[in-house]
2 protein chains.
Amino acid sequence: MTITGTQLIGHQDIPGTGAQFHAVDPVTGKTLPVTWQGADAGQVDRAVQLALAAFPIYRETTLTQRADFLEAIAQAILDLGDELITRTMQETGLPRPRLEGERGRTVNQLRLFARVVRDGDWLDARIDHAQPDRKPAPRSDIRTRHIPVGPVAVFGSSNFPLAFSVAGGDTASALAAGAPVVCKAHPAHPGASELVGQAIRSAVRQCGLPEGVFSLLAGPGNDLGMALVGHPGIQAVGFTGSRRGGVALMQAAARRPVPIPVYAEMSSTNPVYLLPGALAARVDDIAQKFVVSLLGSAGQLCTNPGLIIALDGPDLDRFVNLTTAGVQAAPAATMLTAAIAQAYHSGVSKLAAHPGVETLARGQNADVPAPCQANLAVTTAQAFLADPETLGAEIFGASSLVIRCANTQEFLAIAQAIEGQLTATLHLEPGADDALVSMLLPTLEVKVGRILANGFPTGVEVCDAMVHGGPFPATSDGRTTSVGTLAIRRFLRPVCYQDIPDNLLPAALQAANPWNIHRAER
Amino acid sequence: MTITGTQLIGHQDIPGTGAQFHAVDPVTGKTLPVTWQGADAGQVDRAVQLALAAFPIYRETTLTQRADFLEAIAQAILDLGDELITRTMQETGLPRPRLEGERGRTVNQLRLFARVVRDGDWLDARIDHAQPDRKPAPRSDIRTRHIPVGPVAVFGSSNFPLAFSVAGGDTASALAAGAPVVCKAHPAHPGASELVGQAIRSAVRQCGLPEGVFSLLAGPGNDLGMALVGHPGIQAVGFTGSRRGGVALMQAAARRPVPIPVYAEMSSTNPVYLLPGALAARVDDIAQKFVVSLLGSAGQLCTNPGLIIALDGPDLDRFVNLTTAGVQAAPAATMLTAAIAQAYHSGVSKLAAHPGVETLARGQNADVPAPCQANLAVTTAQAFLADPETLGAEIFGASSLVIRCANTQEFLAIAQAIEGQLTATLHLEPGADDALVSMLLPTLEVKVGRILANGFPTGVEVCDAMVHGGPFPATSDGRTTSVGTLAIRRFLRPVCYQDIPDNLLPAALQAANPWNIHRAER
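These figures come from a predicted structure and were not determined experimentally.

Quick notes on the rules
Residues numbered from 1 in each chain as written. Chains lettered and ligands numbered in written order. Predicted model: local features only at pLDDT ≥ 70, side-chain atom pairs only at ≥ 80, totals over all residues. Helix = DSSP H or I, 4+ residues; strand = E, 2+ residues; numbered from the N terminus. Buried ≥ 20, exposed ≤ 12 C-beta atoms within 10 Å, placed from the backbone. Contact = placed C-beta atoms within 7 Å. Expected span 1.5 Å × (residues − 1). Least-squares fit on C-alpha atoms with pLDDT ≥ 70 in both. Nonpolar A, V, L, I, M, F, W, Y, C, P; charged D, E, K, R; others polar. Pairing = 2+ DSSP bridges. Axes fitted to C-alpha atoms, helices over the stretch in contact; angles between N-to-C directions. Domains from an automatic or database assignment. Right-handed = clockwise from strand over helix to strand, strands pointing away. Parallel < 35°, antiparallel > 145°, perpendicular 65-115°, else oblique. Left-handed = near helix turned anticlockwise from the far one by under 90°.

*Asks:* I would appreciate a short explanation of the overall build of chain A in the present structure.
*Replies:* Scanning chain A from terminus to terminus reveals 15 helices and 22 strands. Taking the principal axes of the C-alpha coordinates as reference, chain A spans close to 75 × 65 × 40 Å. Per-residue burial over chain A gives 61% buried out of 522 residues. Of the contacts made within chain A by residues no fewer than 6 positions apart, 78% connect residues no fewer than 24 positions apart.

Take a look at the structure:
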């Protein structure tokens, strides 16, 4: 494939007319080949109009057609071969094994949604049969299926250039739901985005689908995104990124003449509770694995463990000593972009300057354009509870704050004080820590999307039971998940058919059940 | 029961401190016994704090406990006996048979949700078992259940003083989900509201639940509702009422530091398509049944048929003649309140004054404080398409506008031009009208929540497959329904448990499946 630097609007390659931009290698600071110009408002409109034209056809594809399409996308991504990996490495500074793993995850995610589509359970087909003899009034024949909401705008993330970008979880679940997608490439990796966009487009062509099923737009600033969210043809938004960006999209969507849902995955500090029994039993092991979780991908993960909460005492002292040594030894890392590195540096500096915070360790530094010098700091529960907004704010990157609690009351108060989170982690010793965990769980359940024990929150399984979501500000909508098969629900709405003749019903609801799907009948 | 005129805050009767108000008999214009004072901000806070205190206990009730509670509410409402019916008749002007039917529906709805709770499918329990030997990385044990979002604010409607009010669909589905409810009584029927509130409270006591599971607040203006929606403890809102009121709540909820979902059922004109084959086959029958549907409850139904769309010709002429005669003969009716009658009168006058509209018929009038003089008007498709905003606006009450179409292009253009709707109706002759219906359906499906054939949209069945929802402005959230068992989903969110020891898991997810519910396992 050749990276063209154009907007992929349906099957056409159209040069943008907006500001020029290009990818930068965050390791060298050097400009990478190919220059883009941002998509203009007319191009946004063209992409959405194509999506609207494709919608009535694409949403009525059979389960097999749609599943085959998702599998064709997966194969087309694999067919990009090493070019995708090398370009993504250049644009992100992420290492090959990480990106090869992420590609596998992206491909498996598409195949998983193909399975979901084939199952047909997502249709949530329901049939209440007519009761013509019911008294005092007969009951009509009432049937419901779910249909997609309409064209979806997907915003590629910076930190998962494959799995949460052009063909990532939002796109896979929207396409699985039957919604055309207009994707905004993240400007930090436009080349990787275009390659994947070309792969999707080739699958659209191969499957004989209307070209408007997928378009990929690119642009350097916020205008493109705002134009997309404001377009009357767009019916939902998927986004992974910063709290500021996500909140701006939420507000823009709420201000529209016809408001639309925004699914923004934004901000989380992912508290990790070290329970006393667990610390006593295996502090060394926990400390070692925590440092690995903190440093992976230079901490640029939504589920990075940003808060460690534990009861004061010699076991916590040992944890602090071990992790301090681990972070001091952390090699210098490169972040995704210079802007992210700058924000990280600024967040760490603000934390270090806080009167209630003591910096424990900094990792190695390096003279690169986007450095990440790992950070470990400590505070007290009292200091945290006096200023949870500052001390609980996400620092995107490898930074974590240990909170020393004087007693279990403070332990619980921290759980009460934190904002909505993607995850909470409990390191616990079965039996010994049960009482304290039982007190924590009811609070954590209403604050977070996923509670895990004796592991670390980084590494999000893509499966039926996964919830990668959580109350605001972790996401814009705590009723949903952006990872796992439940993500398809975000893009669906129910439509009810009452006494419609069988031949006019959609296949999913016809008497003969031609799609052979599960239907709840009464 | 005695109507006290107080706020029912948990188990306490507390007099309000705000503006005085009282119920008015819309037939006589006379003030009814008992004077209320509006709830103040402190009382809102007290009710929400009690709900927050009740939440951790109520949300973990067993399926049986919660279902028993819903059934106890149903019985307590029946135990109110005729006092509920007579007071509601006085406060609303609605006739006894309608209110007895509505009480039956309210009670059945509570019992239906009791069945839903017992089934346990609403938990959507999912288990992905651990795969310790998986390569390259083992899979954790990952389990998900749904929990309620938190305390819910429910706004009673004016037009269904029982079925969409204090113990109506929003309250029933929220309580079924495990969410405590703080209800705002509609000020037009505070006595009926208080009686039902007392019934719920007696069920709370009888079932040994914490008092904060339910509170009922009353007040005359908008301040109380805004205080409720703005309270940080409220996590979702259920509302049935005007577009202006619903949009105000949506905006207030979006402006909160932590935005919350609003489920507002607001505005619909419920287009009725008369297809040529059906008109040819049975115009008299359709005309007669349309007039019945238009006039029922003085047209004060969300699903009242406000637009009739048909192809010009002698069959439509006959339909117009028959319905003109029917509406002219319509007896004078009384609306729910003088304010609603005023808004109706103003809407009808505005329609009549529109240059593209001809008034066909007015019903009988009467010198009552809240009169409804039925209205039938006609326009052309061209006039409608030139000003769909004015001509497509809901007139709450017995008013309908016939749209004469010159050709099928106009027929389809009307479907494109209308806003989101609760319903669309097709009067069709199987076979003869199939081609035209097949062209209409794809457009209607993306505009409405329910499509029905050969009936009228009034009369909404409460069942598993019902969708009483639809794209904005029919509702605030077209992904949901406010009638039927799917309504429970509005108040739920998923929580995921990863590698949590079995004894610390909620019962719904424990290995032994002690609740014996369906769980999707892989």
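Still more ground to cover, so stick around.
*Asks:* Mind showing me how you'd approach helix α4 (residues 96–119) of chain B here?
*Replies:* Each full turn of the α-helix corresponds to 3.6 residues, which orients residues three or four apart in the same direction. End to end, α4(B) covers 35 Å across 24 residues, agreeing with the expected 34 Å (1.5 Å per residue, within 8%). Looking one or two places after α4(B), you find B:G120, whose phi comes out positive at around 80°.

*Asks:* Would you mind going over the relation of the copies chain B and chain A with me for this structure?
*Replies:* The second copy of the chain is related to the first by a rotation about an axis and a shift along the axis. Rotating chain B by 180° and moving it 0.0 Å along the rotation axis overlays it on chain A with an RMSD of 0.0 Å. Overall, the copies show the geometry of a two-fold rotation axis. For chain B, the minimum C-alpha distance to the rotation axis belongs to B:A254 and amounts to 3.5 Å.

*Asks:* Is there a simple way to explain the environment of A:L80 in this structure?
*Replies:* Residue and element names in this part refer to chain A. Looking at the element boundaries, L80 is found in the loop between α2 (63–79) and α3 (82–92). Note on L80: 18 C-beta atoms within 10 Å, which makes it partly exposed. In contact with L80, other than residues within four places in its own chain, are M1, L195 and A199.

*Asks:* What's the story with the interface of chain B and chain A in this structure? I'm lost.
*Replies:* Size of an interface, as often reported, equals the accessible area lost when the parts are brought together. Of the residues lining the interface, 54 residues belong to chain B; the matching set on chain A comes to 54 residues. Elements represented by at least two residues in the side of chain B that touches chain A include exactly β5 (126–128), β6 (142–148), α8 (243–255), α15 (434–445), β20 (448–453) and β21 (492–498) of chain B. Counted by class, the side of chain B that touches chain A contains 30 nonpolar, 11 polar and 13 charged residues. Here 3 bridges tie strand β20 (residues 448–453) of chain A to β21(B), and the two strands are oriented parallel to one another. Counted as the bridge partner of A:L452 is B:Q498 from β21(B).

*Asks:* Can you help me understand the sheet that holds strand β5 (residues 126–128) of chain A in this one?
*Replies:* Each strand in a sheet pairs with its neighbour through backbone hydrogen bonds, running either in the same direction (parallel) or in the opposite one (antiparallel). As summarised here, the arrangement of the 11 strands in space is β22(A)-β5(A)-β6(A)-β21(A)-β20(B)-β19(B)-β12(B)-β13(B)-β18(B)-β17(B)-β15(B), forming an open sheet in which the pairing is mixed. Strands at the two margins of the open sheet, each flanked by one partner only, are β22 (520–521) of chain A together with β15 (358–362) of chain B. Direction of pairing for β5(A) relative to strand β6 (residues 142–148) of chain A: antiparallel, over a ladder of 3 bridges. Bridge assignment links A:I127 to a residue of β6(A), and that residue is A:R143. Docked against the sheet, helix α10 (residues 314–328) of chain B engages β12 (271–274), β13 (307–311), β15, β17 (375–380) and β18 (399–405) of chain B, running at close to 45° with respect to β15(B). With respect to the sheet, helix α14 (residues 408–417) of chain B is in contact with β13 and β18 of chain B, its orientation differing from that of β18(B) by roughly 140°.

*Asks:* Explain the environment of A:G104 to me, please; I cannot follow it from the model alone.
*Replies:* Residues and elements named next belong to chain A. Along the chain, G104 turns up in helix α4 (residues 96–119). Residue G104 is classed as partly exposed on the basis of its C-beta count, with 14 C-beta atoms lying within 10 Å. Spatially, the C-alpha atom of G104 lies 9.5 Å from that of L162, the residues being 58 residues apart in sequence.

*Asks:* Looking at this model, I keep getting lost on the domain arrangement of chain A. Mind explaining?
*Replies:* Residue and element names in this part refer to chain A. Under the domain assignment, chain A is made up of domain 1 (41–59 + 79–113 + 147–266 + 478–497) and domain 2 (271–453). Between the C-alpha centres of domain 1 and domain 2 there is a distance of 31 Å. On the domain 2 side, the residues contacting the 10 residues of domain 1 number 11 residues.

*Asks:* Hey, could you run me through the pairing of strand β12 (residues 271–274) of chain A in this one?
*Replies:* Consecutive residues of a regular strand have side chains that alternate between opposite faces of the sheet. Residue and element names in this part refer to chain A. Covered by surrounding structure in β12 are P271 and Y273 together with V272 and L274, the residues of both alternating faces. Direction of pairing for β12 relative to strand β13 (residues 307–311): parallel, over a ladder of 4 bridges. Counterpart to L274 in the pairing with β13 is A310. You can see the chain leave β12, run along helix α9 (residues 276–295) and come back into β13, and the turn it takes is right-handed.

*Asks:* Looking at this structure, how should I read unusual backbone geometry?
*Replies:* A negative phi holds for most residues other than glycine; trans holds for most peptide bonds. The omega torsion across A:K135 and A:P136 is 5°, close enough to zero to call that bond cis. Locating A:P136 in the fold gives a position in the loop between β5 and β6. Note the cis peptide between A:F472 and A:P473, where omega equals 5°. You will see that A:S297, though not glycine, has its phi angle at about 55°, which is positive. Relative to the elements of secondary structure, A:S297 occurs in the loop between α9 and β13. The class of A:S297 is buried, set by 21 C-beta atoms lying within 10 Å. Positive phi, close to 50°, is recorded for B:N513, a residue that is not glycine. Mapped onto the elements of the fold, B:N513 is located in the loop between β21 and β22 (520–521).

*Asks:* Quick question: what am I supposed to make of the packing of α9(A) against helix α10 (residues 314–328) of chain A here?
*Replies:* For any two helices packed against each other, the geometry is given by the interaxial angle and the distance between the axes. Residue and element names in this part refer to chain A. Contact geometry of α9 with α10 gives a least axis separation of 9 Å together with a crossing angle of 20°. In this view, α9 runs roughly parallel relative to α10, as classed from their interaxial angle. Classified by chirality, the crossing of α10 by α9 is right-handed. Across the interface between the two elements, L279, A280, V283, D284, I286, A287, F290 and V291 of α9 pack against D315, L316, R318, F319, L322, T323, G326 and V327 of α10. Grouping the amino acids of the contact of α9 with α10 by side-chain chemistry returns 11 nonpolar, 2 polar and 3 charged.

*Asks:* Please explain helix α2 (residues 63–79) of chain B as it appears in this structure.
*Replies:* Residues and elements named next belong to chain B. The end-to-end C-alpha separation of α2 is 24 Å, in line with the 24 Å expected for 17 residues at 1.5 Å each. When α2 is considered as a whole, its buried residues turn out to be L63, R66, A67, F69, L70, A72, I73, A74, A76 and I77. Each element contacted by the buried residues of α2 is listed here: α4, α5 (169–177) and α6 (190–206). Looking one or two places after α2, you find G81, whose phi comes out positive at around 65°.

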